[in-house]
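# Structural overview
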Amino acid sequence: MKRLFAAVAVVAAMVGSSASAFDPADLKKLKETNECVECDLSKADLSKANLSKANLSKANLRFADLTSANLLNANLSNANLIGANLTHAKLNGANLTGANLNLANLTNAKLSYANLTGANLTDANLSKAWLIEADLINADLTGTNLSNANLIGADLTGTALTGTDLYYV
C-alpha cells in the first residue's frame with residue numbers, strides 16, 4: 001500500500017510540475033523563428049536572450065526569467081507576464097498593449113517609446129525604469145513602484161495611479 005501511495009504521489013508531482021512549466025516545443029520554435037504567438041513559455045529561462053523584434057503576442061510568460069533580455073521592438077501585446085522578471089530588460093519600442101504585468105519586476109528596465117496602452121501593471125516594480133515617451137494610456141498602475149523612474153514625455157492619460165509609489169519621479 002505504501003508503494004502504491006508513493007507511486008501515485010510521484011506521478012501527481014510529475015503531472016503537476018509539467019502543467020506549470022513551459023512547453024519545450026514552444027521554446028524551440030521561438031529560438032528558430034523569433035516568433036511564438038499564443039505559446040507557453042511560463043517559467044522559461046530567457047535571461048540575456050536576444051528577442052529583438054520577436055512576436056510573442058498572447059504568449060504565456062508567467063514567472064519567466066527575462067533578466068537583461070533584449071526585447072527591442074518586440075510584440076508582447078496581450079501577453080501574460082504575471083510575475084515575470086524583466087530586470088534590466090531592453091523593451092524600447094516594444095508593443096505591450098493589453099499585456100498583464102501584474103507583480104512583474106521591471107527594475108531598471110528600458111521602456112522608452114514602448115506602447116503599454118491598457119496594460120495591467122498592478123503591484124509591478126518599475127523602480128529606476130526608463131519610460132521616456134512611453135504610452136501608458138488607460139494602463140493600471142495601482143500599487144506600482146515607480147520610485148526613481150524616468151517618465152519624461154510619458155502619456156498617462158486615463159491611467160490608474162491609486163497607491164502608486166511616485167517617489168522621485
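Everything below is about the structure printed above this text.
This structure is a prediction, so every number in the text was calculated from the model and none was measured.

What counts, and where the lines are drawn
Residues numbered from 1 in each chain as written. Predicted model: local features only at pLDDT ≥ 70, side-chain atom pairs only at ≥ 80, totals over all residues. Heavy atoms only, no water. Helix = DSSP H or I, 4+ residues; strand = E, 2+ residues; numbered from the N terminus. Buried < 20%, exposed > 50% of the residue type's maximum accessible area, 1.4 Å probe, protein only. Salt bridge = Lys/Arg side-chain N within 4 Å of Asp/Glu carboxyl O. Disulfide = S-S within 2.5 Å. Core = buried A, V, L, I, M, F, W, Y, C linked by side-chain atoms within 4.5 Å. Contact = heavy atoms within 4.5 Å. Arc of directions from axis to C-beta.

### A short note on unusual backbone geometry
One non-glycine residue with positive phi stands out, namely Asn73, at about 55 degrees. Here Asn73 is to be found in the segment after helix H2 (24-33). Residue Asn73 is classed as partly exposed on the basis of its relative accessible area of 46%. With phi around 60 degrees, Asn138 is a residue other than glycine that occupies positive phi space.

### Here we look at the pattern of salt bridges
A side chain of one charge can pair with a side chain of the opposite charge when the charged atoms of the two come close. Considering all chains together, one arrives at one salt bridge under this definition. We note a salt bridge from Lys28 to Glu32, for which the minimum N-O separation is 3.9 Å. Remark: Glu32 and Lys28 occur in helix H2; sequence separation between them is four residues, near one turn of the helix. Pair check on accessibility: Lys28 and Glu32 agree, each one exposed.

### Some thoughts on the state of the cysteines
One pass over the structure, following the stated rule, counts one disulfide. With its sulfur 2.2 Å from that of its partner, Cys36 forms a disulfide with Cys39. Taken individually, Cys36 and Cys39 each receive the classification buried, so the pair is uniform in this respect.

### Here's the deal with the nonpolar core
Nonpolar side chains tend toward joint burial in soluble globular proteins. Counting residues in each nonpolar core, the largest one holds 49 residues, and the members touching the most others are Leu56, Leu71, Leu101, Leu106 and Leu121. Setting aside its immediate chain neighbours within four residues, Leu121 contacts Leu101, Leu106, Leu116, Leu126, Leu136, Asp140, Leu141, Thr142 and Thr144.

### Brief notes about H2
Turning to H2, its buried residues number three or more, namely Asp26, Leu27 and Leu30. The arc that holds every buried residue of H2, seen down its axis, measures 100 degrees, which confines them to one face. Exposed and oriented more than 90 degrees from the buried face of H2 are Pro24, Lys28 and Glu32. Phi turns positive one or two residues past the end of H2, at Asn34, with a value near 60 degrees.

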